[in-house]
Structure formats: structure tokens, C-alpha cells
Amino acid sequence: MNKKDVANIRKQFKLDNDLLKIGDIFNVYIRKDSSEIYHQESQPFSMLDREQQELFMSNFKKVLTGQLDVKLFEVKFREQVENHTRFILYDGLQTDDVEDWKEQMLLIVEKMFRDVQYEKDMVVTFIRGEYEKPTKRKSEVTEESERDEMYSYSFILCSMNQTEQPKKSLVFDYIEKEFKSSVVVDSIINLTSPAAGFLYPAYTENAVDVNHILYSAGKANQPDYHFIEDVLNGEEIATAQEDKAVFEEIVKDVAGEEVDAYTLSNVYEEINRMIQDEEDEEEETPTLDYKDVERVLKVSGVEDVNTDKVEMAFKKVIDDEKYELKASSILPKYNSKSIKIETKVANISISPKDLKYVRQVTIDGKRCLLIEVDEDTMIEGFKLIPEASLSR
């Protein structure tokens, strides 16, 4: 799934949307001390009161919110796994019997808590739904409606949420006219920050992919590898943060620890061009193998680069010369001030495309950071005057 696919289905989770139909909702309450089911409850989503529906809709959107490879991860299922979650989910999606669906979901709950004990009571929520999407845009020329032909996508969404114990507080009783401490024993389910979740199956545009699942981590760049491998039976993943660190180490191994800002800017510009070319053709985000990295470094002006050197760097850094880095993971947000330059005197934020205007120079034996600007520099309402002229 790409970010457009995720955004398309996320925005459907709102009340009174005739393109989204949620059938059943199944809540399972798990006690932290025993990791056993304390309570389970299933009912049609339409039977919930409107306030509960709004709370759950917001929670489901949270599961689908986040940057790909940072908080959301498309996970490929492993092969030849006993009691495979892929088959459990597929069977649960196909059955029309609610009791059969609940039994399938309880098998997943069992896998979630088999070898893990959480610090708080947990609530696991499953829904079955169907999302309809027009196959074509509305025609301005003919009277043909965009909904004359619809694509239907059936899915299961899961959300794991922690519970919180209410804090004791002092209240004023208007009837008895006295102050008293409040005693509340009901657990509060934290629906605003899901601890984990997933959407099955994955899909790209109109193509359903039952061999992949979209996993949602509780925090950015902190996926639960036990959940991915042992609960979802998925293959190993790499976060954008990890890919970026690998890329940086490979470049250091090939080009050295030091690099000028202009060359680094060229590297980011070339990677951004690759991403834009793929987006224009509506293809998946490109990846970079060792040959691609070699080409990027060469066209960016890095000297003494060859295939053997880059291939050996891949093997040294990640022990896999055939590893492919996701371009979107290693490129800072290109048009925003995503690069932080930290010095003892000041911290500066700059975009990758403007990095070429930054240089480190030596003036009177002192290292200085030089930023090329087209306009006057204003500080607290004062215009700075030039103090030195330097040749490039």
C-alpha cells in the first residue's frame, strides 16, 4: 500500500458515509495479571449509540494514521507457518456466521497474549467492514455517474488499546451540599492512542493483496517485532529510521566521514528526482540497491566510487550486498526544513533542496558557517550590513 491508498481508506471512517459499511464489532477485554479474557462482547456496529460510534471511528482512523515505514508498515506474510494468521483472517473475512468470525478472531487474541504480559489491562477490538470505491471519475461531458461502477473491498481492522484507571478527585455534591472524594471503579479505555493494530488485507488502488497486511505501531519507529513475527506471522521489516542509518553508514564507508553540503545536496536532489519519476508514473516508491547507490554518488560528484566499493560497503554495513533501501526512507522531507544543523552558537533548520546554499568556510583561521541568501537579512527589525567579501 502507498500513502495514497492508506489516505483513501482512512478518510472513509466517518459516520453517515454510505461508501463504508461496518458490520460487526467485537471487543475483548484482557486482564494484565493473567493475560486471560475477562469479558467479550459482539454486536452490530449500527447498534452502538452514536457517541460510541464516533469514539470508535476516531480510534480506527488513529490506527491508519502515520507515515509509511515510520508508524505504518506493509508486512508480507511468511510461508509455511503453523496456525497461520493469514488463513485465520482470510477465513474470518469469508464467513457469514458471526459466531464463526468471533472464534477466528479469538484465535488471534490467543496469539497476542500467549507469550506477552502487558503492564495494563488491554482491550482488543475487531471490525468487519466493506469499502466501496468508484472505478472511474464523474464525467463532465456525459450524464454518467462516478458510482455507476463500484469497486468493493472487504476488510478486517483490529485495534489494541490500553486501559487507564481513573484518578481520585475531590467533588462537590450539589444535592447534599458537601465535599467528598469520588470513587470510580470503571476502567477508561484509551481510544486516542492505539497500542497496535492492523488492516487486512492490504490493497493497492483496486487490487487486493491477501499476502500482505498493514501493521500499525503504537509509536513512530518503534514497531513490535514480536507482534509482527509471532502474532501476524510476518516477515522482518525495517523502519525508515533504520534504512536512513544504513544509507548514511554506507555513504561514509564509500566517500569518507566528511562531505561538503553541495555534494550532499546533490545526493538528496537525485534521490528526490527518482521518487518524483515513480510518482508521475503512479508506481511504487523506488528502492536503491548497491548499483543505484553507486550511480547516485557518482552523479552527485563523489569521487573514487566504483561498483566493488559500494557492494562491499553494503556487505560490511548490513551484511547483505543485495539489500534494497527505500528511497522515501533515506530522503528527508524535501520541501520542508527537515535538516537540522546544530552548532554551539545556533541551531538551524533547512530543506534538502536549499542545502546547496550552505558552506563551511574558514575566516581568519576560524571555522564559519556560510549561508548564501538572495535577500537582506533581518534580525529584530534591523538589517544586517555586509562585513566581508569572499570569493567562491
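Please read these numbers as outputs of a predicted model, since none were measured by experiment.

*Asks:* What exactly am I supposed to notice about helix H8 (residues 290–299) here?
*Replies:* Since there are 3.6 residues in each turn of an α-helix, residues three or four apart along the chain are aligned in direction. Buried within H8 are the following residues: Tyr-290, Val-293, Glu-294, Val-296 and Leu-297. Taken around the axis of H8, the buried residues stretch over an arc of 165°, which confines them to a single face. What points out from H8, more than 90 degrees from its buried face, is the exposed set Lys-291 and Val-299. Looking one or two residues beyond H8, the residue adopting positive phi is Gly-301, at roughly 100°.

*Asks:* Please explain the side chain of Gln-12 as it appears in this structure.
*Replies:* Along the chain, Gln-12 turns up in the loop between helix H1 (3–10) and strand S1 (20–30). Those residues in contact with Gln-12 that sit more than four places away from it in its chain are Asn-17, Leu-19, Leu-20 and Tyr-131.

*Asks:* Any chance you could explain the packing of helix H3 (residues 85–94) against helix H4 (residues 98–113) here in plain terms?
*Replies:* Between two packed helices, both the angle of their axes relative to each other and the distance between the axes serve to describe the pair. Two elements in contact, H3 and H4, have axes whose closest approach is 8 Å; the angle formed by their N-to-C orientations is 155°. Taken together, the axes of H3 and H4 lie roughly antiparallel to each other. Seen from above, H3 lies across H4 with left-handed handedness. Facing H3, whose interface residues are Thr-85, Ile-88, Leu-89, Asp-91 and Gly-92, H4 presents Trp-101, Gln-104, Met-105, Leu-107, Ile-108 and Lys-111. Tallied by class, the residues present in the contact of H3 with H4 amount to six nonpolar, three polar and two charged.

*Asks:* Looking at this model, I keep getting lost on a nonpolar patch on the surface. Mind explaining?
*Replies:* Nonpolar side chains collect at one region of the surface, where Leu-170, Phe-172, Tyr-174 and Phe-179 lie side by side and expose about 550 Å² of accessible area between them. Examined against the element boundaries, Phe-179 turns out to sit in strand S7 (residues 178–181). The class of Phe-179 is exposed, set by a relative accessible area of 62%.

*Asks:* Please clarify how the pattern of salt bridges should be interpreted in this entry.
*Replies:* It is possible for side chains bearing opposite charge to pair when their charged atoms get close. By the definition in use, this model includes 24 salt bridges. A salt bridge links Arg-86 to Glu-79, with the shortest nitrogen-to-oxygen separation between them at 3.5 Å. Among the ionic contacts, a cluster of salt bridges with common partners joins Glu-270, Arg-273, Asp-277 and Arg-295.

*Asks:* What am I meant to see in unusual backbone geometry here?
*Replies:* Negative phi characterises most residues that are not glycine, and trans characterises most peptide bonds. For the peptide bond that leads from Tyr-200 to Pro-201, omega is -5°, which places it in the cis range. Checked against the element boundaries, Pro-201 lands in the loop between strand S9 (196–200) and strand S10 (202–204). In this structure, Asn-83 is a non-glycine residue whose phi angle is positive, near 55°. Summarising the element assignment, Asn-83 is placed in the loop between strand S3 (72–76) and H3.

*Asks:* Please clarify how the side chain of Glu-270 should be interpreted in this entry.
*Replies:* Structurally, the position occupied by Glu-270 is in helix H7 (residues 261–280). Within polar-contact distance, the side chain of Glu-270 engages the side chain of Arg-273 at 2.7 Å. Filtering out sequence-adjacent residues up to four positions away, Glu-270 remains in contact with Arg-295, Val-296, Val-299 and Ser-300.

*Asks:* Explain the environment of Val-302 here, please?
*Replies:* Within the element layout of this structure, Val-302 appears in the loop between H8 and helix H9 (307–318). For the pair Val-302 and Gln-162, spaced 140 residues apart in the sequence, the C-alpha separation amounts to 50 Å.

*Asks:* Honestly, H4 in this entry has me stumped. Any pointers?
*Replies:* The end-to-end C-alpha distance of H4, which contains 16 residues, comes to 23 Å, matching closely the 22 Å that a straight helix rising 1.5 Å per residue would cover. Taken together, the buried positions of H4 are Trp-101, Lys-102, Gln-104, Met-105, Ile-108, Val-109, Lys-111, Met-112 and Phe-113. One side-chain oxygen of the residue at the start of H4 lies 3.2 Å from the amide nitrogen of Glu-99, identifying that residue as Asp-97.

*Asks:* Mind showing me how you'd approach the packing of helix H6 (residues 240–255) against H9 here?
*Replies:* Across the interface, H6 lies against H9 with an axial gap of 9 Å and an inter-helix angle of 130°. Put simply, H6 runs oblique to H9. In this structure, the crossing between H6 and H9 has a hand that is right-handed. Only Lys-309, Val-310, Ala-313, Phe-314, Lys-316, Val-317 and Ile-318 of H9 make contact with H6, whose side of the interface consists of Val-246, Glu-249, Ile-250, Asp-253 and Val-254. Residue classes in the contact of H6 with H9 are distributed as eight nonpolar, no polar and four charged.

*Asks:* What's the story with the environment of Lys-14 in this structure? I'm lost.
*Replies:* In this fold, Lys-14 is placed in the loop between H1 and S1. Judged by its relative accessible area of 47%, Lys-14 falls in the partly exposed class. For the pair Lys-14 and Ser-58, spaced 44 residues apart in sequence, the C-alpha to C-alpha distance is 7.9 Å.

*Asks:* Looking at this structure, I do not really get the pairing of strand S5 (residues 150–164). What am I missing?
*Replies:* Where a strand is regular, its side chains alternate between the two sheet faces. In this sheet, S5 lies alongside strand S4 (residues 122–134) in antiparallel orientation, the contact comprising 13 bridges. From the neighbouring strand, Lys-133 faces S5, where its bridge partner is Tyr-151. Across five bridges, S5 lies against S9 in antiparallel orientation. Bridge assignment links Ser-159 to a residue of S9, and that residue is Gly-197. Looking at chain direction, S5 and strand S8 (residues 188–189) are connected through two bridges and run antiparallel. Looking across to S8, one finds that Thr-163 is bridged to Ile-189.

*Asks:* So what exactly am I meant to see when it comes to the packing of aromatic side chains here?
*Replies:* Each aromatic ring pair is specified by the distance between its two centres and by the angle formed by the two planes. Within this structure, the stated rule accounts for 14 aromatic pairs. Taking the centre distance of 5.8 Å and the plane angle of 25° together, the rings of Tyr-153 and Phe-155 count as stacked. Phe-155 matches Tyr-153 in its accessibility class, with the two residues each being buried. Centroid distance Phe-172 to Tyr-174: 5.3 Å. Interplanar angle 80°. Geometry classified as edge-to-face. Take Phe-172: its relative accessible area is 38%, and that puts it in the partly exposed class. Overall, Tyr-174 belongs to the exposed group, its relative accessible area being 70%.

The rules behind each value
Residues numbered from 1 in each chain as written. Predicted model: local features only at pLDDT ≥ 70, side-chain atom pairs only at ≥ 80, totals over all residues. Heavy atoms only, no water. Buried < 20%, exposed > 50% of the residue type's maximum accessible area, 1.4 Å probe, protein only. Helix = DSSP H or I, 4+ residues; strand = E, 2+ residues; numbered from the N terminus. Arc of directions from axis to C-beta. Contact = heavy atoms within 4.5 Å. Axes fitted to C-alpha atoms, helices over the stretch in contact; angles between N-to-C directions. Parallel < 35°, antiparallel > 145°, perpendicular 65-115°, else oblique. Left-handed = near helix turned anticlockwise from the far one by under 90°. Nonpolar A, V, L, I, M, F, W, Y, C, P; charged D, E, K, R; others polar. Patch = residues over 30% accessible without salt bridge, like charges linked within 9 Å, V, L, I, M, F, W, Y side chains within 5 Å. Areas by Shrake-Rupley, 256 points an atom, 1.4 Å probe, with all protein chains shown as cover. Salt bridge = Lys/Arg side-chain N within 4 Å of Asp/Glu carboxyl O. Polar contact = N/O pair within 3.5 Å; in protein donor to acceptor, adjacent residues only side chain to side chain. Expected span 1.5 Å × (residues − 1). Pairing = 2+ DSSP bridges. Phe/Tyr/Trp six-rings, centres within 6.5 Å; stacked < 30°, edge-to-face > 60°.

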